[in-house]
There are 2 protein chains.
Amino acid sequence: MKTKYAIGIDIGGTNTVIGLVDNKGNLLAERSLKTGDYETPEPFVKEICKLIPEMTSGKDFDGIGIGAPNGNFYNGTIEYAANLKWKGLVELRKLFSACFDCPIYVTNDANAAAIGEMVFGGARGMKHFSVITLGTGVGSGIVVDGKLLYGSDGFAGEFGHIIYEYDGRPCGCGRKGCLETYASAGGIRTTYLQIAKERGIVVDPDITSKYIHEKALAQDEVALETFDYTAKILGRKLADLVAIFSPEAIFLFGGPVKAGDLLLTPMKKYMEENMLQVFKGKVKLEVSSLMNKNAAILGAAALVFGER
Amino acid sequence: MKTKYAIGIDIGGTNTVIGLVDNKGNLLAERSLKTGDYETPEPFVKEICKLIPEMTSGKDFDGIGIGAPNGNFYNGTIEYAANLKWKGLVELRKLFSACFDCPIYVTNDANAAAIGEMVFGGARGMKHFSVITLGTGVGSGIVVDGKLLYGSDGFAGEFGHIIYEYDGRPCGCGRKGCLETYASAGGIRTTYLQIAKERGIVVDPDITSKYIHEKALAQDEVALETFDYTAKILGRKLADLVAIFSPEAIFLFGGPVKAGDLLLTPMKKYMEENMLQVFKGKVKLEVSSLMNKNAAILGAAALVFGER
């Protein structure tokens, strides 16, 4: 197989990381900058366009893949991203096209993770699978028949915003009870604090996913109950996802997933309990195999190599 | 456009209807038989294979499309259909292949309805839409990028079996609280009887969807409340469906949908109320344009003409 190269860019609210990636999934060079330092996207893109030739040192690359919050694949834009300074529509593909004459792809973080899983990870050879990302929010990259599900406008896959509990916890999207308010890092923290409060245990309100994970390892009951509660909600909603998509596998990605079996074992149990008979025992539930790699960059670069 | 012909077969628990359909959606000939008269599928298929040449009177046809409960497109089988006498796996495609040397397609009723909508109905030209069928059960045919969503094993699209209420109404699938237990014809009847009982109104337990529709037309409060309750549940779950698929349109099909705006107006309201901001006002919600035609046969025949 001839070695090919692509640029993968992961735009986050705080940092942006740019990588040179080959088609075997090796990250050959990396640069980063502070997203928040740029009031507008133009100088930000200009800076990246300067960094890329430094990294490639003359190597030809096949394209640029970009994962960004609210990235729209169809339009090549970032649209109304809550976590970025740049408001409204950002014509990302257009801005990069002014510097580079190559294919440029934009998508959101969860979709990039799914493409990464398909090209470099545990979903190689699969035609039907989903990647669920648990982090600041809850996202999903859903692959149907070997292609990402984008829907009519590029915004499909908002699994974090299906409702778990009507009139439940307030969500950043303005509604109530979204899955995200229970299964994101912040949602899990809220659950921990609520359970601790019910039991009269005083806890620092600034605890992290890592703290809860460590507590659970030490058999702390509040932490174990938090994982059980989270696993139940996710297991139930994944059972619904299976009823609709019938995937071969579901991969989990993100900070809270570092808890591994502490979260996955009960999640599997609840997912199986809640599944339709015809799907029971058929669907793999696994931690993303890219979890401890530079998954965001690999995923973005995979947009260039893979089917989209 | 050259006229082409296909055979469409709609296998139901009670009746099976066979039609000769052209590629403009005209039903040119029709036969039927009682599904329940056949203890095994072999004589049933044999009988249909005798009827087909009678109907076509020598016309060439491009293929046979079959819509059946639990029809599996990948395998060409009926698999463990609760409403048929034939248990286990029925090798439908194989049985028909022994009589006819042409492409033979098998799918379930809701998928056939979706293909019918795409080829002959309101979804012509659409790449992303869903058909929701309300009847004895609740089913869905989901089209992604112009193709039916079958998932890894052919059983995707079980929208009727996502859970609306945990520990809710008992479902025929063995679980509790499935959407189907609220939004099927039987579910709507249960709601009507519950509301009537709460109000101390005595009602014949054998009422039908049609009865509730007529009562609602006469401004009966129990009937109107029944539609509102049903519309709220469906509106909420359709909002979730939109968050995942971002379709252009959702079409409704089946007996309860004959109530038209009595059901659709509140359903639209609840769907919009529950949708993520980015989807509001974008997704059409309509009665299937094949509602008053021989939709099941047209849909089955459309399997031959359309993308699948």
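That block above? That's the structure.
What comes next concerns the included structure. (Residues numbered from 1 in each chain as written. Chains lettered and ligands numbered in written order. Predicted model: local features only at pLDDT ≥ 70, side-chain atom pairs only at ≥ 80, totals over all residues. Heavy atoms only, no water.)

**A closer look at the packing of helix α5 (residues 185–198) of chain B against helix α7 (residues 221–245) of chain B**
Residues and elements named next belong to chain B.
- Put simply, α5 and α7 touch, their axes get as near as 9 Å, and they point 130° apart. On the basis of the axis angle, α5 is oblique to α7. Judged by the sense of rotation from one axis to the other, the crossing of α5 with α7 is right-handed. Here Ile188, Thr191, Tyr192, Ile195 and Ala196 of α5 lie close against α7, whose contacting residues are Val222, Ala223, Glu225, Thr226, Tyr229 and Thr230.
- Of the residues in the contact of α5 with α7, the class split is 7 nonpolar, 3 polar and 1 charged. (Axes fitted to C-alpha atoms, helices over the stretch in contact; angles between N-to-C directions. Helix = DSSP H or I, 4+ residues; strand = E, 2+ residues; numbered from the N terminus. Parallel < 35°, antiparallel > 145°, perpendicular 65-115°, else oblique. Left-handed = near helix turned anticlockwise from the far one by under 90°. Contact = heavy atoms within 4.5 Å. Nonpolar A, V, L, I, M, F, W, Y, C, P; charged D, E, K, R; others polar.)

**Let's talk about the packing of aromatic side chains**
All names here are of chain A.
- Throughout the structure, instances matching the rule amount to 25 aromatic pairs over all chains.
- Considering the side-chain rings of Phe73 and Tyr105, the 6.4 Å spacing of their centres and the 10° angle between planes classify their relative orientation as stacked. Of the two residues, Phe73 is situated in the loop between β5 (71–72) and β6 (77–79) and Tyr105 in strand β8 (residues 104–107); the sequence distance between them amounts to 32 residues.
- You can call Tyr105 buried: its relative accessible area is 18%.
- Here the aromatic residues Phe73, Tyr74, Tyr105 and Tyr150 are joined through ring pairs into a cluster of three or more.
- Directly above the aromatic system of Tyr270 lies the positively charged group of Lys269, at a separation of 4.4 Å from the ring centroid. (Phe/Tyr/Trp six-rings, centres within 6.5 Å; stacked < 30°, edge-to-face > 60°. Buried < 20%, exposed > 50% of the residue type's maximum accessible area, 1.4 Å probe, protein only. Lys NZ or Arg CZ within 6 Å of the ring centre and 35° of its normal.)

**Comments concerning the pattern of salt bridges**
- Taken as a whole and assessed by the stated rule, the structure comprises 16 salt bridges over all chains.
- Between Lys282(A) and Asp153(B) there is a salt bridge whose closest N-O contact spans 2.9 Å. Linking Lys282(A) in the loop between α8 (261–274) and β13 (284–287) with Asp153(B) in the loop between β11 (147–148) and α4 (180–183), this pair reaches from one chain into another.
- Asp153(B) sits in the buried class, given a relative accessible area of 15%.
- The network of salt bridges with common partners includes Arg199(A), Glu221(A) and Glu225(A). (Salt bridge = Lys/Arg side-chain N within 4 Å of Asp/Glu carboxyl O.)

**Side note on the nonpolar core**
- Among the nonpolar cores identified, the biggest contains 160 residues, and Phe245(A) and Phe245(B) are the most heavily contacted of them.
- Each residue touching Phe245(A), except ones within four places of it in the same chain, is listed here: Ile142(A), Val144(A), Leu149(A), Leu149(B), Gly151(B), Ser152(B), Ala156(B), Ile244(B) and Phe245(B). (Core = buried A, V, L, I, M, F, W, Y, C linked by side-chain atoms within 4.5 Å.)

**A word on the interface of chain A and chain B**
- In this assembly, 39 residues from chain A lie in contact with 38 residues from chain B.
- Contact with chain B buries surface across chain A, with Tyr166(A), Ile244(A) and Leu276(A) losing the most and accounting together for 22% of the total.
- Scanning the region where chain A abuts chain B turns up 2 salt bridges.
- At the junction of chain A and chain B, the tally comes to 18 residue pairs in polar contact (both at pLDDT 80 or more).
- Elements supplying a minimum of two residues to the side of chain A that touches chain B: β10 (138–144) and α7 (221–245) of chain A.
- Here the side of chain A that touches chain B gets 7 residues from one element, more than from any other, and that element is α7(A).
- Along the lines of polarity and charge, the residues of the side of chain A that touches chain B split into 22 nonpolar, 7 polar and 10 charged. (Buried area = accessible area lost by both parts, 1.4 Å probe. Polar contact = N/O pair within 3.5 Å; in protein donor to acceptor, adjacent residues only side chain to side chain.)

**Structural notes on unusual backbone geometry**
- Phi angles above zero are rare outside glycine, and Asn70(A) is one such case at about 55°.
- Along the chain, Asn70(A) turns up in the loop between β4 (64–67) and β5.

**A look at the packing of α7(A) against α7(B)**
- Put simply, α7(A) and α7(B) touch, their axes get as near as 13 Å, and they point 75° apart. Classified by the angle between their axes, α7(A) and α7(B) sit roughly perpendicular to one another. Taking contact as the criterion, the partners of Lys237(A), Leu241(A), Ile244(A) and Phe245(A) in α7(A) are, on α7(B), Lys237(B), Leu241(B), Ile244(B) and Phe245(B).
- When its residues are assigned to classes, the contact of α7(A) with α7(B) shows 6 nonpolar, no polar and 2 charged.

**Structural notes on the pairing of strand β3 (residues 27–34) of chain A**
Residue and element names in this part refer to chain A.
- Note: strand β2 (residues 15–22) against β3, 7 bridges, orientation antiparallel. Among the inter-strand pairings, Val21 is bridged to a residue of β3, identified as Leu27.
- Hairpin geometry of β2 and β3 is characterised by an intervening segment of 4 residues between the two adjacent antiparallel strands and by a positive phi of about 90° at Gly25. (Pairing = 2+ DSSP bridges.)

**Let's talk about the sheet that holds β13(A)**
All names here are of chain A.
- Read from one edge of the open sheet, 5 strands run β11-β10-β9-β12-β13, paired in mixed fashion. Where the open sheet ends on each side, the last strands, each with one partner, are β11 (147–148) and β13.
- Relative to β10, strand β9 (residues 129–134) runs antiparallel, the two sharing 6 bridges. Counterpart to Leu134 in the pairing with β10 is Val138.

**What to know about the relation of the copies chain A and chain B**
- If you rotate chain A by 180° and push it 0.0 Å along the axis, it lands on chain B with an RMSD of 0.0 Å. Such a combination of turn and shift is consistent with a two-fold rotation axis. Closest approach to the rotation axis among the C-alpha atoms of chain A is made by Val144(A), whose C-alpha sits 4.1 Å away.
- The residues that chain A uses at the interface reappear at the interface of chain B in 97% of cases, marking a shared surface. (Least-squares fit on C-alpha atoms with pLDDT ≥ 70 in both.)

**Details of the sheet that holds strand β3 (residues 27–34) of chain B**
All names here are of chain B.
- The strand order across the open sheet built from 5 strands is β3-β2-β1-β4-β8, with neighbouring strands paired in mixed fashion. The open sheet terminates on both sides in strands that have one partner only, identified here as β3 and β8 (104–107). Between one strand axis and the next, the sheet turns by 15° as a mean value, whatever way the strands run.
- In the packing of helix α3 (residues 109–120) onto the sheet, contacts are made with β1 (5–11), β2 (15–22), β4 (64–67) and β8, and the angle to β8 comes to roughly 120°.

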